2 protein chains.
Amino acid sequence: MAATQEQYDVIVVGAGLAGLKAARELKAAGKSFLLVEARDRVGGRSKPGEIAGQVVDFGGQWVGPQQNLLLDEAEEMGVKTYPQYLEGQSVLDLDGTVRRYRGDIPNLSFLSLIELMRVEKRWSRESAQLPEGAPWLAKKADQWDAQTLESWILAHVKTKHARTFARVVSRAVFCAEPSQLSYLYFLEYLKQGHGLECLTGVKNGAQQDKFIGGAWQIPSRMAERVESHLLLGAPVHYVVQTADGVTLVTEKGTYQAKRLIMAVPPALAGRIKYNQPLPTRRDGLTQRMPMGSVIKIHVAYERPFWREAGLSGMATSNVRAFNVVFDHTQAGNDMGILVGFIDSRHALELSSYSEEQRRAGVIADLVHYFGEDAQNPIAYAENDWTADEWSRGCYVGTMAPGTLTNYGEALRQPCGRIHWAGTETATQWMGYLDGALQSGIRAAKEVIEADG
Amino acid sequence: MAATQEQYDVIVVGAGLAGLKAARELKAAGKSFLLVEARDRVGGRSKPGEIAGQVVDFGGQWVGPQQNLLLDEAEEMGVKTYPQYLEGQSVLDLDGTVRRYRGDIPNLSFLSLIELMRVEKRWSRESAQLPEGAPWLAKKADQWDAQTLESWILAHVKTKHARTFARVVSRAVFCAEPSQLSYLYFLEYLKQGHGLECLTGVKNGAQQDKFIGGAWQIPSRMAERVESHLLLGAPVHYVVQTADGVTLVTEKGTYQAKRLIMAVPPALAGRIKYNQPLPTRRDGLTQRMPMGSVIKIHVAYERPFWREAGLSGMATSNVRAFNVVFDHTQAGNDMGILVGFIDSRHALELSSYSEEQRRAGVIADLVHYFGEDAQNPIAYAENDWTADEWSRGCYVGTMAPGTLTNYGEALRQPCGRIHWAGTETATQWMGYLDGALQSGIRAAKEVIEADG
């Protein structure tokens, strides 16, 4: 796609799922548009990778039965799902001691389990009090947004293991420490993700299914449908907004449109230069929605030895760096693959290490969870999202206390001719591929309705 | 200064007090250097303005007796001080009720005052436990950094007015809500500013003196000493670091040096493009140190009528938007001037209003504090720092919970040939002009020692 003097109806910045979905909606509505992407690939936080000759997801990979937008999109793109393997016993490493359990209920003390049930009920109850799309309007919004999740845990969770579990949830779900999260933001996220059990669960939860061949195929195929509108490798340098339209200066050329959809996280949108400084609340939001920290890792073995030992391949730890692990063995292949995450402060720390050092640590953790058979993988592959210039972290932009109540309104509020998309702006499944799709649909609707 | 092929020893980015001081140090050490500034003026968060024919400070303006670096620099630049006017009674507006008091002790209930004394002692004691330049190493660092200042207030302050006062302090000192601040960051700031009494006080405190003719003259005169090295109006687009040196691509040309001193706040340094993505901890810091929100306002009257009524012109409010006010009448002039601030959430809200609307609100607040005489000013002048592209807020980059302990190390840690300055990196008077000078001296020392 060469630079032209044509004026588009819309330019979409960011060819992740949000931008791709917006583009597809614009196409369906007969709008002229250009889809601009900084990277030389589409998909954003959905990305293919390779280990031992197998193509895997280096980005988002799971889908839950509640994620209808993603399931529908996958179906339309001809990408099918298969269930996350969860037979046998899972592993919970608490303070260095490995415990095994079956199903979704971790092997904690009876008192801790009772307390977790109580806490989860309270979270459900409080989440339900957040008005749709406007958690800052909840009656207790100020109170909930004035404290960290960690403060809340210390004040309301008494048993040691229940506390530990809540902290592990924070790291696994947000790739952030509970000290970094607003309790209100946490409740909003729970609400959008249908509650803790759904967010963290496999069966009936957000990790129930995977995509045969990988989730990355969905954006890849979506991109094929709008291929003639797509401009890759074009980082945006400058957005010039006037009364009549928007001019976008990119690495590859300058383009004009009536409206712009910015489908990138606030932390990245803030790094673009605008001719008119954005309103204080919007600019302030871009300074206050940092991305979580995570390194995604695949480890391949000749066989899924853990299955043979009656293990599911799922492991969680509150002390080890490779702290969430799942079986990721591909259907119809003898090779066993484990996939997992180094997240939050562990990612921060280990990001500065060499791949070799990380590899050694990861294998040591797997041996700790699954025994000596884990010692000799045939391949290792990792993707450090914190070092990715066009994401600067994953899975999602997080919020510290005081952000939602003071800056939340700016999440979706258009700034003149600039409209905002991206999973951070979703009202269902924020942080997930599904939320990205929702945001693209909503932003496309805004611009279509704005110009008739 | 035209673009050259010359390689400098050092390029300094940002001609605020930090960058200017670094430049002066480099000059004294005989280094070749270029000082690059995005704006068409020097001074950064120190800036001249005008009201009714008088030149005033639209940026930082006060100096306390502990701020030796600033006092020394002012003396060398021939800028003299005069005391902040504080005769007569000051005004405290609590929940809409105006109370008057003398001196530094606000007119609160006896119980609240007793409690405030107790709280202040505790803050002093806890601040003293923070290792110099490394608060994240304090024994209780994790605990203190896991909670907001607001959570701390709710847990440890019982009387209503003492709570109110602590919240007012947060807004006045940080231009941020107590919900947005880490308690550890708060303690570190207190420590660097010699305690609450000093930070918030006039006599013997950080607001004791002002500069005759304005503080802005200090950077202005510093710039004269390095004028031939100064390049204004040159926003930085790109920093290319190699094993041998650094290339800086700016609006005005491309320049090369052995090392770079980046003397801008993390929130702004993060918006510059680097050829090698910065280490995770450094990039993460730039996503997690948002600038406070403040609009500085001057209002001029024919006479300082408040003085005639036995008032100091100082006012503080926990509910009004124009919530901190001082007398700013210039020596040798009949005209009375008040200076004050709309800060934190009030600034966020009012930044989107018209100047006319803000003016009306400010005058209404002044009438509330000082009576009907405040109704008819002869001039009004404001500076909205939140709308300033090259500051994006004031006075200082703040930290939410979980930032100092996880990202604090990155504040001053050089990234290869890139060194960091700016008041956010100070270990004394972070957030103040004095801290900016300290950071410039420290960064210059780093580069001088690095290359011998």
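Treat the numbers as computed from the prediction; the structure is a model and nothing was measured.

(A) Structural context of the overall build of chain A. From N to C terminus, chain A includes 16 helices and 20 strands. The C-alpha radius of gyration computed for chain A amounts to 22 Å, which stays within 12% of the reference 22 Å derived for 452 residues, consistent with globular compactness. In terms of principal-axis extent, the alpha carbons of chain A reach across some 65 × 50 × 40 Å. Counting across all 452 residues of chain A, residues that qualify as buried make up 57%. Sequence separation of at least 24 residues holds for 73% of the intrachain contacts in chain A that already meet a minimum separation of 6.

(B) Examining the relation of the copies chain B and chain A more closely. For the pair chain B and chain A, the relating rotation is 180°, the translation along its axis is 0.0 Å, and the fit reaches an RMSD of 0.0 Å. The symmetry that links the two subunits is that of a two-fold axis. Nearest to the rotation axis, the C-alpha of R271(B) is located 2.3 Å from it, this being the minimum over chain B. In this assembly, 100% of the residues forming the interface of chain B have copies in chain A that are likewise at the interface, indicating an isologous arrangement.

(C) Looking closely at the pairing of strand β18 (residues 336–343) of chain A. All names here are of chain A. Of all 8 residues that make up β18, 8 are buried, and the element is covered over most of its length. Side chains of β18 alternate between two faces, with G336, L338, G340 and I342 and I337, V339, F341 and D343 buried alike. Pairing of strand β15 (residues 294–301) with β18 involves 8 bridges; the strand directions are antiparallel. Bridge pairing in β18 links V299 to L338.

(D) Main features of the domain arrangement of chain A. Residue and element names in this part refer to chain A. Considered domain by domain, chain A is made up of domain 1 (7–45 + 216–290 + 398–451), domain 2 (48–86 + 206–214 + 292–387) and domain 3 (109–200). Here domain 2 and domain 3 have C-alpha centroids that lie 26 Å from each other. Listed per partner, the contact involves 14 residues of domain 2 and 13 residues of domain 3. Taken together, the residues of the side of domain 2 that touches domain 3 sort by class into 4 nonpolar, 8 polar and 2 charged.

(E) Region of interest: helix α16 (residues 433–451) of chain A. End to end, α16(A) covers 28 Å across 19 residues, agreeing with the expected 27 Å (1.5 Å per residue, within 8%). Here α16(A) has its buried residues at L433(A), D434(A), G435(A), A436(A), L437(A), Q438(A), S439(A), G440(A), R442(A), A443(A), A444(A) and V447(A).

(F) Layout of helix α7 (residues 183–192) of chain B. Residue and element names in this part refer to chain B. Burial analysis of α7 places 10 of its 10 residues in the buried class, the great majority of the element. For α7, the full list of buried residues reads Y183, L184, Y185, F186, L187, E188, Y189, L190, K191 and Q192. Taken together, the buried residues of α7 touch α3 (110–127), α4 (141–145), α5 (149–156), α8 (196–200) and α15 (403–407). H194 sits one or two positions beyond α7 and adopts a positive phi of about 65°.

(G) Focus on the environment of I51(B). Residues and elements named next belong to chain B. Mapped onto the fold, I51 is located in strand β3 (residues 48–51). Overall, I51 belongs to the buried group, with 23 C-beta atoms counted inside 10 Å. In the structure, I51 is positioned 136 residues away from L187 in sequence and 37 Å away in space, judged by C-alpha atoms. Discounting residues that sit within four places of it in the chain, I51 has contacts with V56, H298, A300, I337, A379 and A381.

(H) Looking closely at the nonpolar core. By size, the foremost hydrophobic cluster in this structure holds 280 residues, and its most contacted members are I11(A), V12(A), I261(A), I11(B), V12(B) and I261(B). Setting aside chain neighbours within four positions, we find I11(A) in contact with F33(A), L34(A), V36(A), V246(A), L248(A), Y255(A), A257(A) and L260(A).

(I) How the structure looks around the interface of chain B and chain A. Between chain B and chain A, the contact holds 35 residues from the first and 35 residues from the second. Residue assignment for the side of chain B that touches chain A shows that the elements contributing at least two residues are α5, α11 (280–286) and α13 (345–350) of chain B. Counting residues per element, the side of chain B that touches chain A draws most heavily on α11(B), which supplies 4 residues. Residue composition of the side of chain B that touches chain A, by class: 10 nonpolar, 15 polar and 10 charged.

(J) View of the sheet that holds strand β5 (residues 62–63) of chain B. Residues and elements named next belong to chain B. One open sheet accounts for 3 strands, arranged β5-β9-β6; its pairing is antiparallel. Edge positions in the sheet fall to β5 and β6 (81–83), since each of these pairs with one other strand and no more. Inspection of the sheet shows β5 paired to strand β9 (residues 209–211) by 2 bridges, in the antiparallel sense. Residue pairing for β9: V63 is matched across the bridge by D209.

(K) Spatial organisation of the sheet that holds strand β18 (residues 336–343) of chain B. Residues and elements named next belong to chain B. The 7 strands lie next to each other as β8-β7-β16-β17-β18-β15-β19, forming an open sheet whose pairing is mixed. A single partner strand is all that each edge strand has here, and the edge strands are β8 (97–101) and β19 (379–384). Each neighbouring strand pair of the sheet contributes to a mean axis angle of 20°, computed without reference to strand direction. Pairing of strand β17 (residues 322–327) with β18 involves 5 bridges; the strand directions are antiparallel.

(L) Spatial organisation of the pairing of strand β4 (residues 54–57) of chain B. All names here are of chain B. Looking at chain direction, β3 and β4 are connected through 4 bridges and run antiparallel. Across the sheet, residue P48 finds its bridge partner in β4, namely D57. A loop of 2 residues connects β3 with β4, the two strands running antiparallel in sequence, and A52 in this loop sits at a positive phi of about 50°.

(M) Examining the environment of V362(B) more closely. Residues and elements named next belong to chain B. Secondary-structure assignment places V362 in helix α14 (residues 355–370). C-beta crowding within 10 Å serves as the criterion here: with 26 such atoms nearby, V362 is assigned to the buried category. C-alpha of V362 to C-alpha of Y82: the two residues are 280 residues apart in sequence and 26 Å apart in space. With sequence-adjacent residues up to four places away left out, V362 is seen in contact with I297, V299 and F322.

(N) Up close: the packing of helix α1 (residues 17–28) of chain B against helix α16 (residues 433–451) of chain B. All names here are of chain B. Packing of α1 against α16 brings their axes to within 7 Å, and their N-to-C directions diverge by 40°. Taken together, α1 and α16 sit at an angle that is classed as oblique. Crossing of α1 against α16: the hand is right-handed. Together, L17, A18, G19, L20, K21, A22, E25 and L26 of α1 and L433, A436, L437, S439, G440, I441, A443 and A444 of α16 make up the contact between the two elements. Taken together, the residues of the contact of α1 with α16 break down into 11 nonpolar, 3 polar and 2 charged.

(O) Fine view of the packing of α1(B) against helix α9 (residues 217–225) of chain B. Residue and element names in this part refer to chain B. The N-to-C vectors of α1 and α9 enclose an angle of 30°; their axes lie 10 Å apart at closest approach. By the angle between their directions, the pair α1 and α9 is classed as roughly parallel. Where α1 crosses over α9, the handedness of that crossing is left-handed. Residues L17, L20 and R24 of α1 form the contact with α9, whose participating residues are P219, M222, A223 and R225. Within the contact of α1 with α9, the residues separate by chemical class into 5 nonpolar, no polar and 2 charged.

(P) Examining the environment of R281(A) more closely. Here R281(A) shows up in helix α11 (residues 280–286). Separated by 130 residues in the primary sequence, R281(A) and L411(A) place their C-alpha atoms 9.3 Å from one another. Apart from the residues lying within four places of it in its own chain, the contact partners of R281(A) are Y407(A), E409(A), A410(A) and L348(B).

Reading the values: the criteria
By convention here, each chain's residues receive numbers from 1 onward along its written sequence. The lettering of chains begins at A and the numbering of ligands begins at 1, in the order of writing. Owing to the predicted nature of the model, reporting of local features is limited to residues with pLDDT of at least 70; listing and counting of side-chain atom pairs is limited to 80 or more, with chain, interface and lining totals taken over all residues. Only DSSP runs of H or I covering at least 4 residues are called helices, and only runs of E covering at least 2 are called strands; the numbering of each starts at the N terminus. For the radius of gyration, the atoms used are the C-alpha atoms, and the globule rule reads 2.2 Å times the number of residues raised to 0.38. Each residue is classified by how many other C-beta atoms fall within 10 Å of its C-beta atom, where C-beta atoms are placed from the backbone; a count of 20 or more means buried, 12 or fewer means exposed, and values in between mean partly exposed. Note that contacts rest on C-beta atoms placed from the backbone: two residues are in contact if these are within 7 Å. Copies are brought into register by a least-squares superposition over C-alpha atoms of residues with pLDDT of at least 70 in both. By the convention used here, strands pair only if DSSP detects at least 2 bridges between them. Domain start and stop points were drawn from an automatic or database domain assignment. In this classification, Asp, Glu, Lys and Arg are treated as charged, Ala, Val, Leu, Ile, Met, Phe, Trp, Tyr, Cys and Pro as nonpolar, and every other residue, Gly included, as polar. A helix is expected to span 1.5 Å for every residue after the first. For the purposes of this analysis, a nonpolar core is taken to be any set of buried Ala, Val, Leu, Ile, Met, Phe, Trp, Tyr and Cys residues that are connected through C-beta atoms within 7 Å. Angular values range over 0 to 180 degrees, each being the angle between N-to-C directions of two axes fitted as lines to C-alpha atoms, with helices fitted over their stretch in contact. Angle categories are assigned with fixed cut-offs, so that under 35 degrees is roughly parallel, over 145 is roughly antiparallel, 65 to 115 is roughly perpendicular, and the rest are oblique. By convention the crossing between two helices is left-handed if the near helix lies anticlockwise of the far one by an angle smaller than a right angle, and right-handed if it lies clockwise.

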